[in-house]
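Chain and residue survey
The chain contents come next:
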Amino acid sequence: MAGLNKVMLIGNLGKDPEVKTLDNGAKIATFPLATSENYKDKEGNRQTRTEWHNLVLWRGLADIAENYLHKGSQVFVEGRLSTRKWEDKEGHTRYTTEVIGDNLVLLGRAGEGGGQAQSGAAFSAGMTSTRPSNDELMTDAADDLPF
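Scope of this entry: the structure provided in the associated data block. Since we're looking at a predicted model, the values are computed, not measured. (Residues numbered from 1 in each chain as written. Predicted model: local features only at pLDDT ≥ 70, side-chain atom pairs only at ≥ 80, totals over all residues. Heavy atoms only, no water.)

Of all the residues in helix α1 (residues 59–68), the buried ones are Leu-61, Ala-62, Ile-64 and Ala-65. Seen end-on, α1 carries its buried residues on one side only, within an arc spanning 160°. Residues of α1 that are buried sit in contact with β2 (18–21), β3 (27–40), β4 (46–58), β6 (93–106) and β7 (122–124). (Buried < 20%, exposed > 50% of the residue type's maximum accessible area, 1.4 Å probe, protein only. Helix = DSSP H or I, 4+ residues; strand = E, 2+ residues; numbered from the N terminus. Arc of directions from axis to C-beta. Contact = heavy atoms within 4.5 Å.)

What follows covers the side chain of Asp-88. Mapped onto the secondary structure, Asp-88 falls in the loop between β5 (74–87) and β6. Look at Asp-88 and you get buried, because its relative accessible area is 14%. Here Glu-90 takes part through its backbone nitrogen, which lies 3.1 Å from a polar atom of the side chain of Asp-88. For Asp-88, the side chain forms a polar contact with the side chain of Arg-94, separated by 3.0 Å. (Polar contact = N/O pair within 3.5 Å; in protein donor to acceptor, adjacent residues only side chain to side chain.)

The biggest cluster of nonpolar side chains holds 19 residues, and the ones touching the most others in it are Phe-31, Leu-33, Leu-55, Leu-57, Leu-69, Val-75 and Leu-104. Mapped onto this core, the elements with two or more residues apiece are β1 (7–13), β3, β4, α1, β5 and β6. Of all the elements, α1 adds the most residues to this core, at four residues. Setting aside its immediate chain neighbours within four residues, Leu-69 contacts Leu-13, Pro-17, Phe-31, Ile-64, Val-75, Leu-104 and Leu-106. (Core = buried A, V, L, I, M, F, W, Y, C linked by side-chain atoms within 4.5 Å.)

Checked against the element boundaries, Trp-52 lands in strand β4. Each C-alpha atom of the pair Trp-52 and Gly-14 lies 8.5 Å from the other, and the pair is 38 residues apart in sequence. The contacts of Trp-52, once residues within four sequence positions are left out, are Gly-14, Pro-32, Leu-33 and Ala-34.

Structural data, given as structure tokens:
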């Protein structure tokens, strides 16, 4: 049986995307994404736990990130985990785990974050921007439910 490497996150950008253009012309956008969960501790006090994820978007999605995403933007990202091995300045081996995004949906209110894209606009790797109808969004969301 083949493995499954799938990540789905809804969160807010921790800073503006850093976008670079490689020698071959491909664009890459990187940014931290914060996801939070609320819970009550033993004393009944409301607590929030925040996890930070390193996001990487390539080519067309990097263009979307560059044009429409800003610190604080809320997004849904679907992708896969990837761990990179690298050496720091002192020659020590380091590892970084990143989420390589394949699909991106802009959430929040329209116009939020200073971009021109509408809330709910969905984008996929290698796809030009599209704005699905609300019916399509609801159908797709219902199809992904595990029950």
